[in-house]
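# Inside the fold
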Amino acid sequence: MKANMVANERTNFEKLFGFYVLWCRLNNVSLRSQKQSCFCRIYSVLVTLNTVTVLLTVTVDVVLRADTLEHVMENFRVIFPVLSVMWVQLSMR
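A brief report on the enclosed structure follows. As the structure is a prediction and not an experimental result, all values here were calculated from the model. (Residues numbered from 1 in each chain as written. Predicted model: local features only at pLDDT ≥ 70, side-chain atom pairs only at ≥ 80, totals over all residues. Heavy atoms only, no water.)

Secondary structure assignment for the protein yields four helices and zero strands. Residue pairs in contact within the protein that sit at least 24 positions apart in sequence constitute 49% of those at least 6 positions apart. Of the roughly 7700 Å² of accessible surface on the protein, 68% is carried by carbon and sulfur atoms. (Helix = DSSP H or I, 4+ residues; strand = E, 2+ residues; numbered from the N terminus. Contact = heavy atoms within 4.5 Å. Areas by Shrake-Rupley, 256 points an atom, 1.4 Å probe, with all protein chains shown as cover.)

This is the structure in structure tokens:
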């Protein structure tokens, strides 16, 4: 009986907040557990390192090859989405 109630609560929760549950899962935010798993910590470190590396390399490329406006704008097309992803990742934590 109790297992049936827990399963029913889980489906109701996912029906009501399905978008937010999916959004949190994509951002690797654990909703039900108190302690982060090892996989979550590794994922967080890799996402942060990847984001910082992309920002650093694009910024260095802009500084070294700032001779044409087209090249600078192409690099900024990469920087803005990366900053958006980083903002969402950090704000969801």
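This is not the end of the story, as more comes after the structure.
Taken as a whole and judged by the stated rule, the model has one aromatic pair. On the numbers, 6.0 Å between centres and 25° between planes, the contact of Phe-76 with Phe-80 is stacked. Taken together, the residues span about one helical turn, with Phe-76 and Phe-80 both in helix H4 (residues 69-92) at a distance of four residues. (Phe/Tyr/Trp six-rings, centres within 6.5 Å; stacked < 30°, edge-to-face > 60°.)

Let us look at the side chain of His-71. Checked against the element boundaries, His-71 lands in helix H4. Leaving out residues up to four positions away in the same chain, His-71 has contacts with Asp-61 and Arg-65.

We now examine a nonpolar patch on the surface. A grouping of Phe-13, Leu-16, Phe-17, Phe-19, Tyr-20, Leu-22, Trp-23 and Leu-26 is seen on the molecular surface, where their side chains present a nonpolar patch of about 890 Å² in accessible area. Contributions of two or more residues to the nonpolar patch are made by helix H1 (2-16) and helix H2 (18-26). If one sorts the elements of the nonpolar patch by residue count, H2 sits on top with five residues. Within the secondary structure, Trp-23 sits in helix H2. Look at Trp-23 and you get partly exposed, because its relative accessible area is 37%. (Patch = residues over 30% accessible without salt bridge, like charges linked within 9 Å, V, L, I, M, F, W, Y side chains within 5 Å. Salt bridge = Lys/Arg side-chain N within 4 Å of Asp/Glu carboxyl O. Buried < 20%, exposed > 50% of the residue type's maximum accessible area, 1.4 Å probe, protein only.)

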